[in-house]
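Below, each chain spelled out in residue letters.
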Amino acid sequence: MKRVAAAAGLVAALAVSAGFASASPTQASKSVGPTKLTIWVGWSAGTELISFKKLIAEYAKKHPTVSIDVVGGINDDKIIAALRAGNAPDVVSSFQSNNVGVYCPSGGWIDLGPYLKRDHIDVNQLPAGPRYYTAYKGIRCALPLLADTYGLYYNKTLFKQAGIKAPPKTFSELVADAKKLTKKNADGTYKVLGYDPNALFYHGGAGVGTYGPLIGATYFDKAGKSNLARDPGWK
């Protein structure tokens, strides 16, 4: 099975890993001749993919012996399928950092530790959060590429009209305030939504991974068994 190097991030967490599975750090540093690399990324179009390709082009310009092909539109299903088939790319980026716990111990993503040590790269310069979710049980198989920051925005005018004096600090308060803020038209359709938790509303699709931990929901119990069907937090 071909292994790759990866980088991971939060939800969008993006992970990047590179594939030198067949060569040790010492051997890799002594390689000569043109080197062709393939990088898989999640972006399929738009300014993000364009910006990433510009960054790769800058690297390629400084390293003329390296030829890099960037392939967009990649998700974790494709990454896993490629690993199983043994035709994974050299470097991948994943928007699902919650899969790092699978990639690291399985060896699908190589241990970057020896390479970071060889090149004198101190991962402690990275924030503690991204460092945590891009490694698993001491294996540094990924590096963070990006992370999302969430915030609760609210309309002060609507809050004042509804008699709400401050933004909610708990989910119970959020639910209560949402009901006060919601208004309907005469035909029963919504005129104003106090809060839209629909999975199809912007980043609501990541609701399980985003809201679950905030409520205290746990994926596993103390015995290491799945807790999804028993933890009331998920309900």
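Definitions and cut-offs
- All residue numbers refer to positions counted from 1 along the written sequence of the respective chain.
- A pLDDT threshold of at least 70 governs which residues receive local features in this predicted model, and a stricter bar of 80 or more applies before side-chain atom pairs are shown or counted, although totals over entire chains, interfaces and linings include all residues.
- With hydrogens and water excluded, all non-hydrogen atoms of the structure serve as input to the side-chain values.
- In this description a helix means any DSSP run of H or I spanning at least four residues, a strand means any run of E spanning at least two, and both kinds are numbered starting from the N terminus.
- Residue burial is assigned from relative accessible area. The probe radius is 1.4 Å, only protein chains are included, and a residue is buried under 20% of its type maximum, exposed over 50%, and partly exposed in between.
- We define a salt bridge as a contact between a side-chain nitrogen of Lys or Arg and a carboxyl oxygen of Asp or Glu at a distance within 4 Å.
- An arc is given here, and it is the one of the directions from the helix axis to the C-beta atoms.
- Contacts: residue pairs with any heavy atoms within 4.5 Å of one another.
- Here a polar contact means two N or O atoms within 3.5 Å. Within protein one must be a hydrogen donor candidate and the other an acceptor candidate, and residues neighboring in sequence count only if both atoms are side-chain atoms.
- Two rings belonging to Phe, Tyr or Trp (six-membered ring only in the last case) form a pair when the distance between their centres is within 6.5 Å. Interplanar angles under 30 degrees mark stacking, angles over 60 mark edge-to-face geometry, and anything in between is tilted.
- pLDDT is a per-residue confidence score from the predictor, ranging from 0 to 100.
- The charge count treats Lys and Arg as positive and Asp and Glu as negative. His and the chain ends do not count.

**Remarks on unusual backbone geometry**
Positive phi values are uncommon outside glycine, yet H120 reaches one of about 60°. In this structure, H120 sits in the loop between helix 5 (113-118) and helix 6 (128-133). Residues other than glycine seldom take positive phi values, yet K137 does so here, at roughly 50°. Relative to the helices and strands, K137 resides in the loop between helix 6 and strand 6 (143-146). Residue K137 is classed as exposed on the basis of its relative accessible area, which comes to 73%.

**With respect to the pattern of salt bridges**
In a structure, side chains of opposite charge can pair up when their charged atoms sit close to one another. In total, this model carries two salt bridges according to the counting rule given. D221 is the partner of R230 in a salt bridge, and the nearest nitrogen-oxygen pair spans 2.9 Å. We classify R230 as exposed; its relative accessible area is 52%.

**A short note on helix 3 (residues 76-85)**
Buried within helix 3 are the following residues: D76, I79, A82 and L83. The buried residues of helix 3 occupy one face: seen down the axis, they fall within an arc of 125°. For helix 3, exposure combined with an orientation more than 90 degrees from the buried face picks out D77, R84 and A85. Its buried side turned inward, helix 3 meets strand 3 (35-40), strand 5 (91-94) and helix 4 (100-106). Two or three places before D77, at the start of helix 3, stands the capping residue N75, its side-chain oxygen 3.1 Å from that residue's backbone nitrogen. Immediately downstream of helix 3, the backbone of G86 shows phi near 80°, a positive value.

**Brief notes about the packing of aromatic side chains**
Summed over the entire model, instances satisfying the criterion amount to five aromatic pairs. Here W43 and F52 contribute two aromatic rings whose centre-to-centre distance is 5.5 Å and whose plane-to-plane angle is 50°, an arrangement assigned as tilted. Considered together, W43 and F52 belong to a single accessibility category, that of buried residues. Arranged with centres 5.9 Å apart and planes meeting at 65°, the rings of W43 and F95 form a pair that is edge-to-face. Here the residue W43 occupies a position in the loop between strand 3 and helix 2 (46-62), and F95 occupies one in the loop between strand 5 and helix 4, the gap between them amounting to 52 residues. Taking relative accessible area as the criterion, F95 reaches 24% and is therefore assigned partly exposed. Aromatic ring contacts, followed pair by pair, group W43, F52 and F95 into a single cluster.

**So, the environment of Y219**
Within the secondary structure layout, Y219 lies in the segment after helix 9 (207-215). Taking relative accessible area as the criterion, Y219 reaches 39% and is therefore assigned partly exposed. In this structure, the C-alpha to C-alpha distance between Y219 and A229, residues ten residues apart in sequence, is 9.4 Å. Not counting the four nearest positions on each side in its chain, Y219 is found in contact with G209, K225, S226, N227, L228 and W234.

**Looking at the confidence of the model for the protein**
Averaged over all residues, the pLDDT of the protein is 84; the fraction at 70 or higher stands at 82%. A low-confidence stretch, residues 9-14 stays under pLDDT 50, and its non-local contacts, those more than four residues away or across chains, total 40 contacts.

**With respect to the side chain of R140**
On the secondary structure map, R140 appears in the loop between helix 6 and strand 6. The side chain of R140 sits in the buried core without any salt bridge; D111 is the nearest counter-charge, 7.3 Å away. A polar contact of 2.9 Å, which involves the side chain of R140, links it to the backbone oxygen of R131. Apart from residues no more than four positions distant in its own chain, R140 is found in contact with I110, D111, L112, G113, L116, V123, R131, T134 and A135.

**So, the environment of R230**
Note that R230 resides in the segment after helix 9. Linking R230 and T218, residues twelve residues apart in sequence, is a C-alpha distance of 9.6 Å. When residues no more than four places from it in sequence are discounted, the contact partners of R230 are D221 and K225. There is a polar contact of 2.9 Å between the side chain of R230 and the side chain of D221.

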